[in-house]
Amino acid sequence: SAVISQKPSRDICQRGTSLTIQCQVDSQVTMMFWYRQQPGQSLTLIATANQGSEATYESGFVIDKFPISRPNLTFSTLTVSNMSPEDSSIYLCSALTGSYEQYFGPGTRLTVT
Amino acid sequence: KQEVTQIPAALSVPEGENLVLNCSFTDSAIYNLQWFRQDPGKGLTSLLLIQSSQREQTSGRLNASLDKSSGRSTLYIAASQPGDSATYLCAVRILGNEKLTFGTGTRLTIIP
């Protein structure tokens, strides 16, 4: 299994600013992912965080808006840049173990005013 | 492209009843299927993982079945409790792809 923590748990930010979300896993995992969940919606995959190289982004998401780092096997960050109210969502970090079971962090609730 | 559907979208049942949540998927070439629970404003909690070679998995009052050929999975909850109220999501991982495809979810309310 894997236990995932995220910081911050929530934040209220002003339009045009940036927020970096940290994700820490308690064990080495195969892959790490970042998801977004807008109110009342299901999860949307933003990108796969690759250790030591550029993240792999899904259609509709770009590195300039959502830069991601993964310096080692247990830690990743997601930055939401130049925020607008449309970025208000829950952002979820996720990790895939070697047994191909996926775990999720508690989420970061972001409100942009 | 894999599509995952969950029916019903919402379900309310009295406490103590047994219930079944349904999940269907279009591509049967799956690697595994996971059931998750999500409480409002929170992250997802993994409930059960079923590998493609398995027919069912059990954890406490939960039992998940998988019929790969028909593209269906069910989550059976026995003796439901108010604490079971949450949104339940199924997610499928297809062969050769590490990404999960999520269903639309079933919002479950257990009435005391």
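For the structure, see preceding data.
Calculation criteria
- Throughout this document, residue positions are counted from 1 along each chain, in the order its sequence is written.
- Here the convention is simple: chains get letters from A, ligands get numbers from 1, in the order in which they are written.
- Under the rules for a predicted model, residues below a pLDDT of 70 receive no local features and side-chain atom pairs below 80 are neither given nor counted, while totals for whole chains, interfaces and linings still include all residues.
- Excluded from the side-chain calculation are hydrogens and water; included are all heavy atoms of the structure.
- Any cysteine sulfur atom paired with another within 2.5 Å is treated as part of a disulfide.
- Helix and strand labels come from DSSP, where a helix needs a run of H or I of at least four residues and a strand needs a run of E of at least two; each type is numbered from the N terminus.
- Exposed residues in this analysis have more than 50% of their type's maximum accessible area, buried residues have under 20%, and partly exposed residues fall in between, with area computed by a 1.4 Å probe over protein chains only.
- Any pair of residues with heavy atoms lying within 4.5 Å of one another is described as a contacting pair.
- Summed over both partners, the accessible area lost on bringing two parts together, with a 1.4 Å probe, is the buried area.
- A carboxyl oxygen of Asp or Glu within 4 Å of a side-chain nitrogen of Lys or Arg is what we treat as a salt bridge.
- The term polar contact refers here to a pair of N or O atoms within 3.5 Å; inside protein, the definition further demands a hydrogen-donor-capable atom paired with an acceptor-capable atom, and it admits residues adjacent in sequence only when both atoms are side-chain atoms.
- Ten residues, namely Ala, Val, Leu, Ile, Met, Phe, Trp, Tyr, Cys and Pro, are considered nonpolar, four, namely Asp, Glu, Lys and Arg, are considered charged, and the remaining ones, Gly among them, are considered polar.

Glancing now at the state of the cysteines. Taken as a whole and judged by the stated rule, the model has two disulfides over all chains. The partner cysteine of A:Cys23 in its disulfide is A:Cys93, sulfur to sulfur 1.9 Å. For the disulfide bridge between A:Cys23 and A:Cys93, the dihedral angle about the S-S bond is near -70°, and by the sign convention the bridge is left-handed. Residue A:Cys23 is located in strand 3 (residues 19-25), and its partner A:Cys93 is located in strand 9 (residues 89-96); the two are separated by 70 residues in the primary sequence. A:Cys93 shares its class with A:Cys23; the two are buried. Paired by a disulfide, B:Cys23 and B:Cys90 hold their sulfur atoms 2.0 Å apart. Looking down the S-S bond of the B:Cys23 and B:Cys90 bridge, the torsion is 70°, so its handedness is right-handed. Placement of the pair is B:Cys23 in strand 3 (residues 19-25) and B:Cys90 in strand 9 (residues 86-94), with a sequence separation of 67 residues. Comparing B:Cys23 with B:Cys90, the two get one shared label, buried. In this model A:Cys13 remains outside any disulfide bridge; the closest cysteine sulfur is found in A:Cys23, 18 Å from its own.

Moving on, we come to the interface of chain A and chain B. Each partner contributes to the interface: chain A provides 20 residues, whereas chain B provides 19 residues. A combined buried area of about 1500 Å² lies between chain A and chain B, and 56% of that area is made up of carbon and sulfur atoms. Area buried by chain A at its contact with chain B is led by A:Tyr100, A:Gln102 and A:Phe104, which between them contribute 34% of it. We note a salt bridge from B:Lys99 to A:Glu58, for which the minimum N-O separation is 2.9 Å. Counting across the interface, chain A meets chain B through nine residue pairs in polar contact (both at pLDDT 80 or more). Elements that contribute at least two residues to the side of chain A that touches chain B include exactly strand 4 (31-37), strand 9 and strand 10 (102-104) of chain A. It is strand 4 of chain A that contributes the most residues to the side of chain A that touches chain B, four residues altogether. Class assignment of the residues belonging to the side of chain A that touches chain B gives a composition of 12 nonpolar, five polar and three charged.

The analysis is restricted to geometry; functional conclusions fall outside its scope.
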